[in-house]
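# A structural walkthrough
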Amino acid sequence: MSDNIQTLTVLSKTTWTPNLFSFTVSRPDSFKFTAGQFVRLGVNPSHLNYYKQQGEAGNDVSNDALNEDIFRAYSIVSSPFDEVLEFFSIVIPNGAFTSQLQHLEVGDELLLNTMPFGFLTLARYQKPLPKDLWLLATGTGLAPFLSMLQDLKTWEDYEHIILAYSARSIEELAYVDKIKSLQEDFGSLVDNPAKLIFIPVVTREPIEGALTERLPKLLLDGTLQERAGIALDVDSTHIMLCGNPDMVEDTKETLKSLGLVMNRRGEGNIAVENYW
């Protein structure tokens, strides 16, 4: 096994819907990352308790494909300062990785490549200077933004943080209680903290208090900006996108049509992460 690969123990699991779940794992003492980054997580299905129990029950699990290490990229939900690592996962039907990961139980072992990846971090912004931070997420794309919002520096550096989080149904809108406690749990720990504005978006059913259209349309017609009470401004806006690739691409193009520019070499408004 490579020196960069370490074994983790599953500490907890939270099931949001049949296809969405979160889990926490032990954190190697030497592992460091920046809020917003992702890592490569690995699973060997034959090592999971689920398959061990299937074998003990007399079911045939002698598939060679079950006895191999499978790695996929996962953004980290937890703060860079947490003692455990948390991840947010969707179950992809017939997916080589998530179809196995859904069987996770407390005590199972996973693998971690300890080299963090990704540039969806606030350090990438040099100009414009920090004022308004927009975080636009669909589904599990919420993960890196939760990590940022559990880092005190985020609350110190900005005046306003707008988190727009879109899901198909209210059940898929995970972590809402946590989001609603972030201002108190983290903002209250710094002087003059940013104001967090949370805008839930549910696209396939009417929910009181939630917007219903896709994020690109909400931006184009100004509904999102009106709900936030904050305008998009090339001179003061930092805006990050993470989630469904179609959302990321369509929203990026919408923002460009509104005058914002991609962040390159530290300058510009729009930052995206594509690891799907």
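Heads up: the structure comes first, above all this text.
These lines cover the structure that appears in this document, whether it is placed above or below. Owing to the predicted nature of the structure, the values given are computational and were not obtained by experimental measurement.

On to the sheet that holds strand 5 (residues 84-90). On the basis of which strands lie adjacent, the open sheet formed by 6 strands has the order 4-3-6-1-2-5 and antiparallel pairing. Taken across any chain shown, the strands that pair with only one partner, and hence form the sheet edges, are strand 4 (70-75) and strand 5. The mean angle between the axes of side-by-side strands here comes to 40°, regardless of whether they run parallel or antiparallel. Bridge count for strand 3 (residues 38-43) against strand 6 (residues 109-117) is 4 bridges, and the pairing is antiparallel. What sits directly across from Gly-42, in strand 6, is Leu-111.

Leu-135, Phe-145, Trp-155, Ile-161 and Met-240 are the most contacted members of the largest nonpolar core, which has 37 residues in total. The contact partners of Phe-145, leaving out residues within four places of it in the chain, are Leu-120, Leu-135, Leu-136, Ala-137, Leu-163, Met-240, Leu-241 and Cys-242. By size, the runner-up hydrophobic cluster in this structure holds 24 residues, among which are Ala-164, Ile-197, Leu-224 and Leu-241.

This brings us to helix 5 (residues 176-185). Within helix 5, the full set of buried residues consists of Val-176, Ile-179 and Leu-182. For helix 5, the buried positions fall inside an angular range of 100° around the axis, keeping them on one side. Exposed residues pointing more than 90 degrees away from the buried face of helix 5 are listed as Asp-177 and Glu-184. Each element contacted by the buried residues of helix 5 is listed here: helix 3 (143-148), helix 4 (152-157), strand 8 (160-167) and strand 9 (195-202).

As for its placement among the helices and strands, Thr-17 is situated in strand 1 (residues 5-17). For Thr-17, a relative accessible area of 11% corresponds to the buried category. A polar side-chain atom of Thr-17 sits 3.1 Å from the main-chain amide nitrogen of Leu-20. Setting aside its immediate chain neighbours within four residues, Thr-17 contacts Glu-171 and Glu-172.

Before going further, it helps to examine the environment of Phe-97. Inspection of the secondary structure assignment puts Phe-97 in the loop between strand 5 and helix 2 (98-101). The exposure class of Phe-97 is buried, given its relative accessible area of 2%. Remark: the alpha-carbon pair of Phe-97 and Lys-153, spanning 56 residues in sequence, is separated by 34 Å. Those residues within four positions of Phe-97 in sequence are excluded, and the remaining contacts are Leu-41, Gly-42, Val-43, Ile-70, Phe-71, Arg-72 and Tyr-74.

Thresholds applied
- Residues numbered from 1 in each chain as written.
- Predicted model: local features only at pLDDT ≥ 70, side-chain atom pairs only at ≥ 80, totals over all residues.
- Heavy atoms only, no water.
- Pairing = 2+ DSSP bridges.
- Helix = DSSP H or I, 4+ residues; strand = E, 2+ residues; numbered from the N terminus.
- Axes fitted to C-alpha atoms, helices over the stretch in contact; angles between N-to-C directions.
- Core = buried A, V, L, I, M, F, W, Y, C linked by side-chain atoms within 4.5 Å.
- Buried < 20%, exposed > 50% of the residue type's maximum accessible area, 1.4 Å probe, protein only.
- Contact = heavy atoms within 4.5 Å.
- Arc of directions from axis to C-beta.
- Polar contact = N/O pair within 3.5 Å; in protein donor to acceptor, adjacent residues only side chain to side chain.

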